[in-house]
Amino acid sequence: MALAAPAGGPPLQLPLWPGTAPGSEGLALPQRIVERSADPALPDRYLNGIGAPFLTVYRPRKPDGRALLVVPGGGYQRVVLDKEGSALVPAFAQEAGLTLFVLHYRLPGEGHRDARDVPLADAQRAIRLIRRHASGWGLDPDSVGVMGFSAGGHVAASLATRHAERVYPAVDAADALDARPAYAVLVYPVIDMGAHAHPGSRSKLLGEDPDAAAVRAYSLQNLVDASTPPVFQLHAQDDKVVPVENTLLFEAALRAAGVEHETHLYAHGGHGFGVRGARGTLAAWPSLAIAWIRAHAPLAGEGGEPVPRP
């Protein structure tokens, strides 16, 4: 991983685990990529059958030293590759200078052991690997944040609230590092597994009839505490897939815990707009998020101070 892809060059794929991922022993999953777009200029691929999770690294032409772990959505039944992955490169990498690490994580319904926690295990492992090899990439290990979309927002919010939990056995020196992100950006996130749940995400993660304890444990508004990093959220109020109450519940929990946060609600936008589908005032969200990231992950010499960690 220290052999970085050239700045501005083609993306590089890196495996998360040195061998079989913990919990996936004995599985033989045929990885499948499906293209849903008929327009070659606007690809819309998704991935499933993920037995060997990996990172796709996009290095900007002029890296600024910050790293962003990106967790695409897909309802916990697939991982989208473009709408909430490669489509972010122009704004977040090439213009803003962030080095993007897009996470292609294991899915809970594909036969893994301890299936409810394999997406979080992959996210924890990813942020630790980025920190372990940050110097080889010219990155500040303290700048590594996470951005998640939809069900990927549930993974990102799980990382923000459950970063200290041990959800997999250590496999190498990277696993001794902190998995707490410097900040979290949550875009139309799945948060609640109760009354405001996205039914598809809940059934894939917890099963068709989860008990009350599981619903509470995976409703992430219940897990916010003073160790949760700063959070930036955005959601469209007309989202018919993941209700805006998910963001509102998390915002209330952040406020109650005294966690630094910023929440943007838009009247229109629906679900899954990403970058390409954002229109009107919603189209400004990448610029708002980038400015917020820079304020919450300042680099040496910029004159800023990161938000103190509890």
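Residues numbered from 1 in each chain as written. Predicted model: local features only at pLDDT ≥ 70, side-chain atom pairs only at ≥ 80, totals over all residues. Heavy atoms only, no water.

**Q** I'd love a proper account of the sheet that holds strand β6 (residues 79-80), names of residues and values included.
**A** Reading across the sheet, the three strands line up as β2-β3-β6 and stay open at both edges, with antiparallel pairing between neighbours. Taken across any chain shown, the strands that pair with only one partner, and hence form the sheet edges, are β2 (32-35) and β6. Relative to β6, strand β3 (residues 45-48) runs antiparallel, the two being bridged by two bridges. When the sheet's bridge partners are listed, Y46 is paired in β6 with V80. (Pairing = 2+ DSSP bridges. Helix = DSSP H or I, 4+ residues; strand = E, 2+ residues; numbered from the N terminus.)

**Q** How would you summarise helix α8 (residues 285-296) if you had to cite specific residues and measurements?
**A** With 12 residues, α8 extends 16 Å from end C-alpha to end C-alpha; this agrees with the ideal 16 Å at 1.5 Å per step. All of the buried residues along α8 are W285, P286, A289, I290, W292, I293 and H296. On an axial view of α8, the arc spanned by its buried residues comes to 165 degrees, and they lie on one face. Each element contacted by the buried residues of α8 is listed here: β5 (67-71), α1 (89-95), β8 (145-149), β9 (184-187), β10 (231-236) and β11 (261-266). (Expected span 1.5 Å × (residues − 1). Buried < 20%, exposed > 50% of the residue type's maximum accessible area, 1.4 Å probe, protein only. Arc of directions from axis to C-beta. Contact = heavy atoms within 4.5 Å.)

**Q** With reference to specific residues and values, describe the pairing of β10.
**A** A large share of β10 lies buried, amounting to six of its six residues. By the bridge criterion, four bridges tie β9 to β10 in an arrangement that is parallel. Across the sheet, residue V185 finds its bridge partner in β10, namely F232. Where β10 meets β11, six bridges bridge the pair, whose relative direction is parallel. Considered in β11, the bridge of F232 is made with E262. Note that the unit made of β10, helix α7 (residues 245-257) and β11 has a crossover that is right-handed. (Right-handed = clockwise from strand over helix to strand, strands pointing away.)

**Q** Residue-level account of the pattern of salt bridges, with values.
**A** Evaluation of the coordinates by the stated rule reveals 10 salt bridges. The salt bridge involving R45 is made with D82; its shortest N-O contact spans 2.8 Å. Placement of R45 in strand β3 and of D82 in the loop between β6 and α1 is noted, with a sequence separation of 37 residues between them. A residue is classified by how much of its surface remains accessible, and D82, at 1% relative accessible area, is buried. Among the salt bridges present, the one from D172 reaches R125, with a minimum N-O distance of 2.8 Å. Placement of the pair is D172 in the loop between α4 (151-162) and β9 and R125 in helix α2 (residues 118-132), with a sequence separation of 47 residues. Residue classification places D172 among the partly exposed residues on the basis of a relative accessible area of 33%. (Salt bridge = Lys/Arg side-chain N within 4 Å of Asp/Glu carboxyl O.)

**Q** Account for the sheet that holds β5, naming residues and giving values.
**A** Read across the open sheet, the eight strands follow the order β1-β4-β7-β5-β8-β9-β10-β11; overall the sheet is mixed. Only two strands of the sheet have a single partner each, and these edge strands are β1 (12-15) and β11. Adjacent strand axes in the sheet meet at a mean angle of 20 degrees, parallel and antiparallel pairs treated alike. Packing of α2 onto the sheet brings it into contact with β1, β4 (54-58), β5 and β7 (99-104), and relative to β5 it is tilted by some 160 degrees. With respect to the sheet, α4 is in contact with β5, β8 and β9, its orientation differing from that of β8 by roughly 150 degrees. (Axes fitted to C-alpha atoms, helices over the stretch in contact; angles between N-to-C directions.)

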